[in-house]
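# Survey of secondary and tertiary structure
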Amino acid sequence: MSKALVAYYTETGNTLKIAESIYEALPGEKNIKALAEIKSLDACDLVFIGFPIHSQSIPKKVQDFLKKVPKDKKIALFSTHGALTGSQLSREAIESAAALASGAKLLGTYACRGRVPYCVLEGLVTKPEHKAWAVMAASARTHPDATDLEEAKVFAMWIKDKGSAK
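Residues numbered from 1 in each chain as written. Predicted model: local features only at pLDDT ≥ 70, side-chain atom pairs only at ≥ 80, totals over all residues. Heavy atoms only, no water.

## Let's talk about the nonpolar core
It is characteristic of soluble globular proteins that their nonpolar side chains tend to be buried jointly. Counting residues in each nonpolar core, the largest one holds 23 residues, and the members touching the most others are Ile49, Leu66 and Val69. Among the elements of the structure, β1 (4-8), β3 (46-52), α2 (60-67), β4 (74-81) and α3 (88-100) are those that each provide at least two residues to this core. Judged by nonpolar contacts, the second largest core, of 20 residues, contains Leu26, Phe48, Leu107 and Phe155. (Core = buried A, V, L, I, M, F, W, Y, C linked by side-chain atoms within 4.5 Å. Buried < 20%, exposed > 50% of the residue type's maximum accessible area, 1.4 Å probe, protein only. Helix = DSSP H or I, 4+ residues; strand = E, 2+ residues; numbered from the N terminus.)

So this is what it looks like as structure tokens:
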């Protein structure tokens, strides 16, 4: 059986909740670590990489990590964001992340909403160009919720099966 790693970067705890659900669902040999703790991906056959989406992009630390993913490494990406699930903002960010790890074998992606800190929303709602997004993001205050966590587990099993197939 192959070894899986669930790697994550989080600032508010949203992405960590999803990472823990993915880790919990995975059978066999596995590990979960913050990106900052990872020195090498050599011992892993499959790597789940999670991150928040900020202002339509991914954090610089995550960008740097993705650029170093070894060629042909099997990966899956997951993210949390304040936008509506499936929105253009979240799709573009995950596509950007996939492009940064272009040499890797991307098996799939998962994205769900995550609570945006009130102080961030409070600052953005006063700016006309960000007001609509801030109002929409406020509705993510209960996420990730139980459904998001269960969907992350299903995603983990799907990716594990897909990664095991020839």
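## What to know about the sheet that holds β1
Pairing is parallel across the open sheet formed by 5 strands, whose spatial order is β2-β1-β3-β4-β5. The open sheet has two edge strands, β2 (30-34) and β5 (105-113), and neither has a second partner. Between one strand axis and the next, the sheet turns through 15° on average, direction left out of account. As defined by bridge partners, β3 adjoins β4 across 7 bridges and the pair is classed as parallel. If you follow Phe51 over to β4, its bridge partner there is Ser79. (Pairing = 2+ DSSP bridges. Axes fitted to C-alpha atoms, helices over the stretch in contact; angles between N-to-C directions.)

## Regarding the packing of helix α1 (residues 14-25) against helix α6 (residues 146-164)
It is the contact of α1 with α6, at a shortest axis distance of 8 Å, that shows an interaxial angle of 45°. With respect to each other, α1 and α6 are oriented oblique. In the packing of α1 onto α6, the handedness of the crossing is right-handed. Facing Lys17, Ile18, Ser21, Ile22, Glu24 and Ala25 of α1, the residues of α6 in contact are Asp148, Leu149, Ala152, Lys153, Phe155, Ala156 and Met157. Among the residues forming the contact of α1 with α6, the class breakdown is 8 nonpolar, 1 polar and 4 charged. (Parallel < 35°, antiparallel > 145°, perpendicular 65-115°, else oblique. Left-handed = near helix turned anticlockwise from the far one by under 90°. Contact = heavy atoms within 4.5 Å. Nonpolar A, V, L, I, M, F, W, Y, C, P; charged D, E, K, R; others polar.)

## Overview of the side chain of Lys160
Here Lys160 shows up in helix α6. The contact partners of Lys160, leaving out residues within four places of it in the chain, are Ser2, Ala4, Leu26, Pro27 and Leu46.

## Quick notes on the environment of Leu89
Inspection of the secondary structure puts Leu89 in helix α3. The class for Leu89 is partly exposed, based on a relative accessible area of 25%. Taking the C-alpha atoms as reference, Leu89 lies 8.8 Å from Ile53; in sequence the two are 36 residues apart.

## A closer look at α2
Side chains that are three or four residues apart share a direction in an α-helix, a result of its 3.6 residues per turn. Buried residues of α2: Val62, Phe65 and Leu66, and no others. Relative to the axis of α2, the buried residues are bounded by an arc of 95° and lie together on one face. Away from its buried face, by an angle of more than 90 degrees, α2 presents the exposed residues Lys60 and Lys67. (Arc of directions from axis to C-beta.)

## Examining the pairing of β3
With respect to burial, β3 is a largely interior element, 7 of its 7 residues being buried. Side chains Leu46, Phe48, Gly50 and Pro52 project from β3 onto one buried face, and the interleaved Val47, Ile49 and Phe51 project onto a second face that is buried too. Sheet topology places β1 next to β3; 5 bridges connect them, and they run parallel. Residue Ala4 lies in a different strand from β3, and its bridge partner there is Leu46. Viewed along the sheet, the connection from β3 through α2 into β4 turns out right-handed. (Right-handed = clockwise from strand over helix to strand, strands pointing away.)

## Quick word on the pattern of salt bridges
Inspection of the entire model under this criterion finds 3 salt bridges. Between Lys60 and Asp64 there is a salt bridge, with its nearest N and O atoms 2.7 Å apart. Of this pair, Lys60 and Asp64 both sit in helix α2, 4 residues apart, which is roughly one turn of that helix. Taking the shortest distance from any N to any O, the salt bridge between Glu150 and Lys153 comes out at 3.5 Å. With a gap of 3 residues between them, Glu150 and Lys153 both fall in helix α6, about one helical turn apart. (Salt bridge = Lys/Arg side-chain N within 4 Å of Asp/Glu carboxyl O.)

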